[in-house]
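A look at the structure
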Amino acid sequence: MSGYDAETKMAYLYALRSKGVTDSRTLTAMERVDRGLFVRGLFAERAYEDMPLPISCGQTISQPSVVGLMTQALDVQPRDKVLEVGTGSGYQAAVLAQLARRVYTVDRYKRLVREAQAVFDQLDLGNITAFAADGSFGLPDQAPFDRILVTAAAEDPPGPLLAQLRVGGIMVVPVGQSDAVQSLIKVTRLESGFDYHELRPVRFVPLLEGLGQE
Ligand code: SAH
């Protein structure tokens, strides 16, 4: 294990830049969060490579360059209240927490939320609120949100999430009819209606209904 030393950080950031993550606030946020803390077991030693890796409950921690591209597309501002659907390992939420005032993150697996919360506590990330819920309904009690990031693929951007986006707000969501073909979409809420912009092809686990078993 190399650990998150200066050399590892430099290589990590270099790989992000070479994949198109160029926004300096995003790069600084990602440099600050040690991805190695969010990957356990067999795959821990690969935490600094630009690849998705397995986590508990049969889910995956996203590829770092995809985390970077989604974060920069979300254009988070310091006073923003952000909702992330799909906590997974918690890595993406920890990156968002560097940029936003407050991050709400939900996952359908209690176990993932518990494990992610332990790392948030370790990093003293008090501006993250994590809990188990079906995120396709959003969080009506906390709405509206300035930014919404969905890290599981839906057939269409879920209606409740569109409704919980503030006017002027941005949502980034992978959309696709199948596992194989998905596009990352940036949705901006206008005074009247929504503007949709296709960013790039991606591959995410599906957004599923209800709570998971674990
Ligand atoms: N953002 C994560 C990666 C997410 S993987 C990270 O940084 O590690 C996608 C996650 O979405 C999985 O953990 C899965 O359980 C969760 N998910 C799928 N459908 C969901 C739903 N309806 N509500 C909440 N979480 C959901």
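Model, not experiment: these values are computed from the prediction.

Take the nonpolar core next. Note that soluble globular proteins tend to have their nonpolar side chains buried in a common cluster. Membership of the largest hydrophobic core comes to 50 residues, with the highest contact counts inside it found for F38, L74, Y91, V103, F120 and V172. Elements with a minimum of two residues in this core: α1 (6-18), α2 (24-32), α3 (64-74), α4 (91-99), α5 (110-122), β5 (128-132) and β7 (165-175). Counting residues per element, this core draws most heavily on α4, which supplies seven residues. Other than its neighbours up to four places away in sequence, L74 contacts V82, L96, R147, I148, L149, I170, M171 and V172. The next biggest cluster of nonpolar side chains, apart from the first, holds 17 residues, and it includes M171, V173, V175 and V187.

Let's shift gears to the UniProt feature "active site" (unreviewed entry) in the chain. Per the UniProt record, the feature "active site" (unreviewed entry) sits at S62. Tracing the sequence through the fold places S62 in the loop between β2 (60-61) and α3. Looking at S62, the relative accessible area reads 18%, which means it is buried. The residues touching S62, leaving out its near neighbours within four places in the chain, are R35, M51, P52, V67 and F204.

In total, this model carries eight salt bridges according to the counting rule given. R40 is paired through a salt bridge with E115; the nearest N and O atoms lie 4.0 Å apart. Placement of R40 in the loop between α2 and β1 (53-54) and of E115 in helix α5 is noted, with a sequence separation of 75 residues between them. On the accessibility criterion, E115 (22% relative accessible area) is partly exposed.

About the thresholds
Residues numbered from 1 in each chain as written. Predicted model: local features only at pLDDT ≥ 70, side-chain atom pairs only at ≥ 80, totals over all residues. Heavy atoms only, no water. Core = buried A, V, L, I, M, F, W, Y, C linked by side-chain atoms within 4.5 Å. Buried < 20%, exposed > 50% of the residue type's maximum accessible area, 1.4 Å probe, protein only. Helix = DSSP H or I, 4+ residues; strand = E, 2+ residues; numbered from the N terminus. Contact = heavy atoms within 4.5 Å. UniProt positions renumbered as here; feature names shortened; annotations may be inferred. Salt bridge = Lys/Arg side-chain N within 4 Å of Asp/Glu carboxyl O.

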